[in-house]
Amino acid sequence: MTGLQDCKSREKLVVVGAGMAATRFVEELTNRAPGRYDILVIGDEPRLAYNRVLLSSVLAGELSVDDIALKPRQWWRAAGVEVLSGRKVIEIDAAARRLLLDNGESVDYSKVALATGSRAARLPIEGADLPGVHVFRDVRDVEALSRLEGKGARALVIGGGLLGLEAAYGLARRGVDVTLAHVMDRLMERQLDAAGADILRRLVEEKGVRVLLNANATRISGSGRVENVEFADGQTIPADAVIFAVGIQPNAELARQAALDVGRGVKVDDGLKTSEPGVFAIGECAEHRGVCYGLVEPAYEQGRVLAMRLAGQDASYGGSVVSTNLKVSGVRVCSAGDYLGEGDARRIVCKDPRMGIYRKLVVRDDRLVGAILIGDTSGAADILDLIRSGADISSMRDELMFGAPMQEAA
């Protein structure tokens, strides 16, 4: 190892990435096998790990950056973990088991866990590189968007998924005139059905966000910076800022350069091993059985399994039940499993549009296979557990809807 003090008495484990997945993995490992590894965490952001899920609350001015820190510096010290912030790993020499950093230093490893996360995607349209075009992914993006506060600023958010809704809500809370444009016919189409998405749209609009659906942005124009956004239907919307929230792309370039097997993400098996001995991957950068999960819970599940395996315990990752249980634009939303419930599934629905409440259970063979909860998300954790376990719910179906009047959907 060059330039960094190595510990010869323990096996060297380097975690590349210092976000939510890396933090949970290190916490799990140091709890299960304290002192077994000499752990170094390397992150390219100049700060310790923070909760990205709460970035919209920071943008809204409801929380500070310090409020969303995952672990204080003293926790890392107490756990015996060295954290190197503001440094980027630029090369993996798998044959020599060595990492090269952007400052010229190198780090030897016995095992390495890639937790490099993902980056925000941008639409390949004219004007996408103009000043005033942003993404919404990390603290630096929030700091840039915070400068739009009030003063008649107009922002257009492109993308009606989780990130787009969160960016729009945060800006609206700062007094910015916000329009959210989504190319699909409903918000959060990957997590909600049409009825649930319609209720969410109305709730979002009540919070000051103008929503445009079936809106395909084709060009961003302006003299030196953003001034207008043009759409396929001929509509033009003036804007002082444009925020792309159109999805994420796994950060897999480091693995690709090292000749690891890479699809959309870094390919891993049920033990989270990559194609290279001693190299593992977890979180948004990992591709397991053809799936890249862009959510926090699968990353945590992967981190737990890898920690167990590196601690010498028997564990295997078989995939995750995709679920969302968040406060989206100030609205509680939970979605899990087969939320559409097509085919032979029974859909049990309770909704009150005036109160902004929508609850839907999807049942197949007396097993809960999916759910959508909007507004009232009470019992969400129990519902998710039932979906994961596949337990018989024939005797508890009414209780799961909490006594609300139900109707079996056609």
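Everything discussed here concerns the structure shown above.
Since we're looking at a predicted model, the values are computed, not measured.

Rules of the game
- Residues numbered from 1 in each chain as written.
- Predicted model: local features only at pLDDT ≥ 70, side-chain atom pairs only at ≥ 80, totals over all residues.
- Heavy atoms only, no water.
- Helix = DSSP H or I, 4+ residues; strand = E, 2+ residues; numbered from the N terminus.
- Buried < 20%, exposed > 50% of the residue type's maximum accessible area, 1.4 Å probe, protein only.
- Contact = heavy atoms within 4.5 Å.
- Areas by Shrake-Rupley, 256 points an atom, 1.4 Å probe, with all protein chains shown as cover.
- Lys, Arg positive; Asp, Glu negative; His and termini not counted.
- Charge placed at Lys NZ, Arg CZ, Asp CG, Glu CD.
- Pairing = 2+ DSSP bridges.
- Axes fitted to C-alpha atoms, helices over the stretch in contact; angles between N-to-C directions.
- Phe/Tyr/Trp six-rings, centres within 6.5 Å; stacked < 30°, edge-to-face > 60°.
- Lys NZ or Arg CZ within 6 Å of the ring centre and 35° of its normal.
- Disulfide = S-S within 2.5 Å.
- Expected span 1.5 Å × (residues − 1).

## A closer look at the overall build of the chain
Logical step 1: Looking only at helices and strands, the chain has 10 helices and 26 strands in total.
Logical step 2: Across the 410 residues of the chain, 52% fall into the buried class.
Logical step 3: Long-range contacts, defined here as pairs at least 24 residues apart, represent 62% of the contacts in the chain between residues at least 6 apart.
Logical step 4: Summed over all atoms, the accessible surface of the chain reaches about 18,100 Å², with 45% contributed by carbon and sulfur.
Logical step 5: The averaged location of the 57 negative side-chain charges in the chain is 2 Å from the averaged location of its 52 positive side-chain charges.

## Observations concerning the sheet that holds strand β10 (residues 154–158)
Logical step 1: Across the sheet, five strands lie side by side as β9-β16-β10-β11-β12; this open sheet has parallel pairing. Across the chains shown, the open sheet's two edge strands, defined by having one partner strand only, are β9 (133–135) and β12 (209–212). Averaged over neighbouring strand pairs, the angle between their axes works out to 25° when direction is ignored.
Logical step 2: Note: β10 against strand β11 (residues 177–181), five bridges, orientation parallel. What sits directly across from Val157, in β11, is Leu180.
Logical step 3: Contacts from helix α5 (residues 162–173) reach β10, β11, β12 and β16 (241–244), with the element oriented near 170° to β11.

## Looking at the packing of aromatic side chains
Logical step 1: Enumeration according to the criterion identifies one aromatic pair in this entry.
Logical step 2: Their ring planes at 90° and their centres at 5.0 Å tell us that Trp75 and Trp76 sit as a pair that is edge-to-face.
Logical step 3: Given a relative accessible area of 5%, Trp76 falls into the buried group.
Logical step 4: The residue whose ring lies beneath Lys71 is Trp75, and the NZ or CZ to ring-centre distance is 5.0 Å.

## Things to note about the state of the cysteines
Logical step 1: Evaluation of the coordinates by the stated rule reveals zero disulfides.
Logical step 2: Looking at Cys285, it has no disulfide partner, and the nearest cysteine sulfur is the one in Cys292, 8.7 Å off.
Logical step 3: Overall, Cys285 belongs to the buried group, its relative accessible area being 0%.
Logical step 4: Between Cys350, a free cysteine, and Cys334, which holds the nearest cysteine sulfur, the sulfur-to-sulfur gap is 15 Å.
Logical step 5: Of the residues examined, Cys350 reaches a relative accessible area of 12% and is grouped as buried.

## Section: helix α1 (residues 20–32)
Logical step 1: With 13 residues, α1 ought to run about 18 Å at 1.5 Å a step, and its terminal C-alpha atoms sit 18 Å apart, in line with that.
Logical step 2: Regarding α1, the residues found buried are Met20, Ala21, Ala22, Thr23, Phe25, Val26, Glu28, Leu29 and Thr30.
Logical step 3: Looking at the buried side of α1, the elements it contacts are β1 (11–16), β2 (37–43), α3 (73–78), β3 (81–85), β7 (111–114) and α8 (296–310).

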